[in-house]
Amino acid sequence: MAKRSIPEVNAGSMADIAFLLLIFFLVTTTIEQDNGITRKLPRWEDVPQDEPVVIKEKNIFKVVVNKEDKMLVEDEPMELKDLKKATMEFIDNGGGASAEGDKCDYCQGARSAESSDHPSKAIIALKNDRETSYSVYVAIQNELGAAYTELRNREATRLYGQGNTYTAMNAIYKDPKVKDAALKEKLDTRLKKLKDMYPQFISEVDSKTN
Amino acid sequence: MAKFKKKKDGELPQASTAALPDIVFMLLFFFMTVTVMKDNSLMVENKLPEADDIEKLNRKNDRVMYIYAGKPVAGYEKFGEEAVLQLNDKIAQPSELKQFIHAERALRTEEIIPFMVTALKVDRNANMGLVSDVKQELRKENMLKISYLSVKKPEAK
């Protein structure tokens, strides 16, 4: 019998099929990356605690926002642009000793007796009204967070040299593409140390209706 | 003697399109790997607030739970003028959050649940009352890690 050659399959429509799939994926997927300010909420207490924890007035940094989006910091009106500096001065004051009795030897603040004792004791209490707009609230949260980040950055540069800021190290640590275990471990201990030096206490007080 | 086929004068040879499918497939795979499926269509306005002290949230891992809030968009005016919550594909009341959280937890494995993060996608014009209600419910359900999603502030300096 004569050998018959198999006719070649026409692949001309392959491109059309691939284009169709491509367009489908372009339409149904998003490329956006989510960025956000991460915070931890306080635990819910069903019954009020018997003994309320007593915190010294000077260790609390009160930030109140009213329904007209005006801010009151330590009972004084303040603009948003001054908030970061005021917060940093409060945290970094180092006027007394920590709960363990250690003096804050890395603080560069004024060491005033009226402001916070130690960064580990300094608490920021943020209180908002129900009518406060979300954008202002997030802007304030942002400034408060930035104050901590800036202090941690300062200490990171002092301890680990130029370029090794807290932000940069945290970015490398969080990057899933970095697989180097030894590097991650090193960064982890550094980041933990910085977080211990300036632990972030931002308390979001329940808003009251009025 | 070898015989040469005489070219028809002036005619260009046709460009080969054989590599076209390969190129398109390459594009296709690129988009398949770098993008994520859209899971919700928005019924509320969602212009996020601006901030710069922000962290990236990895959507590809299964830990993130989304809560949307904002003013209802055109076509959903029946839900009123005030900011409302959107959970999955429904406009909801803060009281329905409990059910939603339980449903979201049921979708995930036991190991992931303690690491779940709630991403609040709230419109910048919403007011804090609604957000406070949401936070209250989250606290009751022990979902303590939250992230106020925002867009990067354009550099002022």
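The notes below deal with the structure included here.

Rules of the game
Residues numbered from 1 in each chain as written. Chains lettered and ligands numbered in written order. Predicted model: local features only at pLDDT ≥ 70, side-chain atom pairs only at ≥ 80, totals over all residues. Helix = DSSP H or I, 4+ residues; strand = E, 2+ residues; numbered from the N terminus. Rg over C-alpha atoms; globule rule 2.2 N^0.38 Å. Buried ≥ 20, exposed ≤ 12 C-beta atoms within 10 Å, placed from the backbone. Arc of directions from axis to C-beta. Contact = placed C-beta atoms within 7 Å. Pairing = 2+ DSSP bridges. Core = buried A, V, L, I, M, F, W, Y, C linked by C-beta atoms within 7 Å.

**Some thoughts on the overall build of chain A**
Helix and strand counts for chain A stand at five helices and seven strands. In summary, chain A has a C-alpha radius of gyration of 27 Å against a globular reference of 17 Å for 210 residues, an excess of more than 25%. With the principal axes as the frame, chain A shows a C-alpha extent of 105 × 50 × 40 Å. In chain A, which comprises 210 residues, the proportion classed as buried is 28%.

**With respect to helix 2 (residues 83-91) of chain A**
Residue and element names in this part refer to chain A. All buried positions along helix 2 are accounted for by Leu 83, Thr 87, Phe 90 and Ile 91. Looking straight down helix 2, one finds its buried side chains confined to an arc of 90°; they lie on one side. As for helix 2, its buried residues are in contact with strand 3 (60-65), strand 4 (71-73), strand 5 (76-78), strand 6 (123-128) and helix 3 (134-160).

**A short note on the pairing of strand 2 (residues 34-40) of chain A**
Here three bridges tie strand 2 of chain A to strand 3 (residues 55-57) of chain B, and the two strands are oriented antiparallel to one another. Paired with Gly 36 of chain A across the bridge in strand 3 of chain B is Glu 55 of chain B. Alignment of strand 2 of chain A against strand 8 (residues 145-149) of chain B, held across five bridges, turns out to be antiparallel. Across the sheet, Thr 38 of chain A pairs through a bridge with Ser 147 of chain B, a residue of strand 8 of chain B.

**Digging into the environment of Lys 174 of chain A**
Turning to its location among the elements, Lys 174 of chain A is positioned in helix 4 (residues 166-174). For Lys 174 of chain A and Glu 76 of chain A, which are 98 residues apart along the polypeptide, the C-alpha to C-alpha distance reads 39 Å.

**Section: the nonpolar core**
Counting 54 residues, the largest nonpolar core has Ile 140 of chain A together with Ala 69 and Leu 120 of chain B as its most contacted members. Sequence-distant contacts of Ala 69 of chain B, defined by excluding residues within four places in its chain, comprise Val 44, Ala 83, Val 84, Leu 85, Gln 86, Val 122, Asp 123, Ala 126 and Leu 130 of chain B.

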